[in-house]
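# Breakdown of the fold
Residues per chain are reported as follows:
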Amino acid sequence: MLTGSRVARFAPACVAPVALAAGWACAVPSDRPALDENDLDTVVVGQPADSILRPDDDVREQRAPEAELGGRIPGAFPDGFPVPDASTVVDFGDVAAEEGEPATAEYVGLLLPLGAPDAREWLLREAQAAGWRATLGESMTFRRGEEWVEVTIEPGATPDNSAARFEYTKP
């Protein structure tokens, strides 16, 4: 067994050969030549493969513009009659006719992204700009040639939307 004084004399004797070997390894020249940065080959690389990809060219995803109509207006809705962008179709069908008579008109219900007063003003301005004559009352009636559209606008659930019912001639 080693005592305290023997350990103190023995430790330097054990460490000295290890330190000597480490120093010797550092002093011995290596067989490999030192690399010089000017000795490197220059390789020209092209663009990364993903740098030429564009979201518009993605065949798996084509996003529709946010301003489009949500849903599809059915039937004989008059071409060129204005509908606010970002409106949503919520209902459609035939207008009830007299008993035994065929339906002569259709309707479509839209949720409009404008409050009722703003929707009424927008529709009046845009329809007249598109060549429709307006008759105002509780509902608005627009005429252009033989075509007609009757629009009733009611307030929506929030101040910035409204519900509109468009009735028009069925072919």
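Scroll up a little and you will see the structure.
Residues numbered from 1 in each chain as written. Predicted model: local features only at pLDDT ≥ 70, side-chain atom pairs only at ≥ 80, totals over all residues. Heavy atoms only, no water.

Our next topic: the overall build of the protein. When helices and strands are tallied, the protein shows two helices and six strands. Reading the protein from its N end, one meets helices and strands in the order α-β-β-α-β-β-β-β. Counting all 171 residues of the protein, 22% fall into the buried class. Accessible surface, the protein: about 13,200 Å² in total, of which carbon and sulfur atoms supply 55%. (Helix = DSSP H or I, 4+ residues; strand = E, 2+ residues; numbered from the N terminus. Buried < 20%, exposed > 50% of the residue type's maximum accessible area, 1.4 Å probe, protein only. Areas by Shrake-Rupley, 256 points an atom, 1.4 Å probe, with all protein chains shown as cover.)

Tallied over the entire structure, the rule returns six aromatic pairs. Ring centres of Phe77 and Tyr168 lie 5.2 Å apart, and the angle between their planes is 85°; on these two criteria the pair is classed as edge-to-face. Within this pair, whereas Phe77 is found in the loop between α1 (4–27) and β1 (88–94), its partner Tyr168 is found in strand β6 (residues 162–169), the two being separated by 91 residues in sequence. What makes Tyr168 buried here is its relative accessible area of 0%. Relative to Phe166, the ring of Phe81 lies with its centre 6.1 Å away and its plane at 80°, an arrangement referred to as edge-to-face. A residue pair is termed long-range when its members are at least 10 positions apart, and Phe81 in the loop between α1 and β1 and Phe166 in strand β6 qualify at 85 residues. For the pair formed by Phe81 and Phe166, the shared burial category is buried. In textbook terms, an aromatic cluster arises when at least three aromatic residues are bridged by ring pairs, as seen for Phe77, Phe81, Trp132, Phe142, Phe166 and Tyr168. (Phe/Tyr/Trp six-rings, centres within 6.5 Å; stacked < 30°, edge-to-face > 60°.)

Function cannot be read off these values alone, since they describe shape.
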